[in-house]
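# Observations on the model geometry
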Amino acid sequence: MQKTNSVNVRQLTILGMLTAIVVVLQFLGSFIRFGVFSISLVLIPIVVGAALCGPASGAWLGFVFGVVVLISGDASAFLAVNVPGTIFICVLKGTCAGLIAGLAFNLVTKLKFKGSKYVATVVAAVVCPVINTGIFLIGCFLFFYDTVAGWASALGYANAVTYMFLVLAGGNFLFELLFNVILSPVIVRIVNIGEKTA
């Protein structure tokens, strides 16, 4: 019972620290822009939380990320068009990114081959921005297609889908993906340290 309590306290402490990091990084990231929207620096702590504490913790961190996006004003262009749709997309994309990154990490580590933890970390680090951006693009198509088509037309794009991929998501997604992959070895070290102190 004592060990279970210490594990729960440890996980809550890690989750509390990572939640604070997500909030701070998202507010800082709102000042760094590639294209129309700010980049998401928070995907790294989301992956760390998902790997150290499990998919539910990754989902929580992703949820916090989505809420902070709404609070920071980074989604204001979409909020002006459809408030419920914007809230739904922001919360869903972050939550799913953290949850699925955690599930992917667990799945690969259960295979128990040499280097499985490193591979699991890279997979989780790739899955997180893919899910985040994928749900954003699907949400744009479902809730904001007419608005996005108007933006595309105003900038000379004949196709709204091309505009979504190239302008709304393109640069940000590539930066977030490369950032996560490059920092994967750092994530592995953090996970290893976290597991040793357990």
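Below is a short write-up of the structure. Bear in mind the structure is a predicted one, so any value in this text is a computation, not a measurement.

## Brief notes about the overall build of the protein chain
Looking only at helices and strands, the protein chain features 9 helices and 2 strands. Reading the protein chain from its N terminus to its C terminus gives the helix and strand order α-β-β-α-α-α-α-α-α-α-α. By the burial criterion, 46% of the 198 residues in the protein chain qualify as buried. Sequence separation of at least 24 residues holds for 70% of the intrachain contacts in the protein chain that already meet a minimum separation of 6.

## As for helix H2 (residues 43–53)
A turn of α-helix holds 3.6 residues, and therefore any two residues three or four places apart point the same way. Most of H2 is tucked away, with 11 of its 11 residues classed as buried. Looking at H2, one finds that the buried residues are Leu-43, Ile-44, Pro-45, Ile-46, Val-47, Val-48, Gly-49, Ala-50, Ala-51, Leu-52 and Cys-53. Trailing H2 by a residue or two, Gly-54 shows a phi angle of about 105°, which is positive.

## Topic: the packing of aromatic side chains
Tallied over the full model, the rule gives 9 aromatic pairs. Ring centres of Phe-78 and Phe-144 lie 4.7 Å apart, and the angle between their planes is 65°; this geometry places the pair in the edge-to-face category. Taken together, the positions of Phe-78 in helix H4 (residues 76–79) and Phe-144 in the loop between helix H6 (116–143) and helix H7 (145–154) put the pair 66 residues apart, joining distant regions of the chain. You can call Phe-78 buried: its relative accessible area is 5%. Aromatic side chains Phe-175 and Phe-179 sit 5.5 Å apart centroid to centroid with 15° between the ring planes, which places their arrangement in the stacked category.

## A closer look at the side chain of Thr-109
Relative to the assigned elements, Thr-109 resides in helix H5 (residues 83–109). Separated by 3.0 Å, the side chain of Thr-109 and the backbone oxygen of Phe-105 make a polar contact. In contact with Thr-109, other than residues within four places in its own chain, are Ser-116, Lys-117 and Ala-120.

## With respect to the side chain of Thr-19
Topologically, Thr-19 is positioned in helix H1 (residues 2–29). A relative accessible area of 16% places Thr-19 in the buried class. Filtering out sequence-adjacent residues up to four positions away, Thr-19 remains in contact with Trp-60, Leu-61 and Val-64.

## With respect to the environment of Val-123
Tracing the sequence through the fold places Val-123 in helix H6. Along the primary structure Val-123 and Gly-102 are separated by 21 residues, whereas in three dimensions their C-alpha atoms are 9.9 Å apart. When sequence neighbours within four positions are dropped, the list of residues in contact with Val-123 reads Ala-104 and Val-108.

## Some details on a nonpolar patch on the surface
Among the surface-exposed residues, Phe-88, Leu-92, Ile-138, Phe-141, Leu-142, Phe-143, Tyr-145, Val-161, Phe-165 and Leu-166 lie close enough to one another that they form a single nonpolar patch of about 950 Å² accessible area. Elements supplying a minimum of two residues to the nonpolar patch: H5, H6 and helix H8 (160–182). For the nonpolar patch, the leading source of residues is H6, giving 4 residues. Among the secondary structure elements, Leu-92 is positioned in helix H5.

About the thresholds
Residues numbered from 1 in each chain as written. Predicted model: local features only at pLDDT ≥ 70, side-chain atom pairs only at ≥ 80, totals over all residues. Heavy atoms only, no water. Helix = DSSP H or I, 4+ residues; strand = E, 2+ residues; numbered from the N terminus. Buried < 20%, exposed > 50% of the residue type's maximum accessible area, 1.4 Å probe, protein only. Contact = heavy atoms within 4.5 Å. Phe/Tyr/Trp six-rings, centres within 6.5 Å; stacked < 30°, edge-to-face > 60°. Polar contact = N/O pair within 3.5 Å; in protein donor to acceptor, adjacent residues only side chain to side chain. Patch = residues over 30% accessible without salt bridge, like charges linked within 9 Å, V, L, I, M, F, W, Y side chains within 5 Å. Areas by Shrake-Rupley, 256 points an atom, 1.4 Å probe, with all protein chains shown as cover. Salt bridge = Lys/Arg side-chain N within 4 Å of Asp/Glu carboxyl O.

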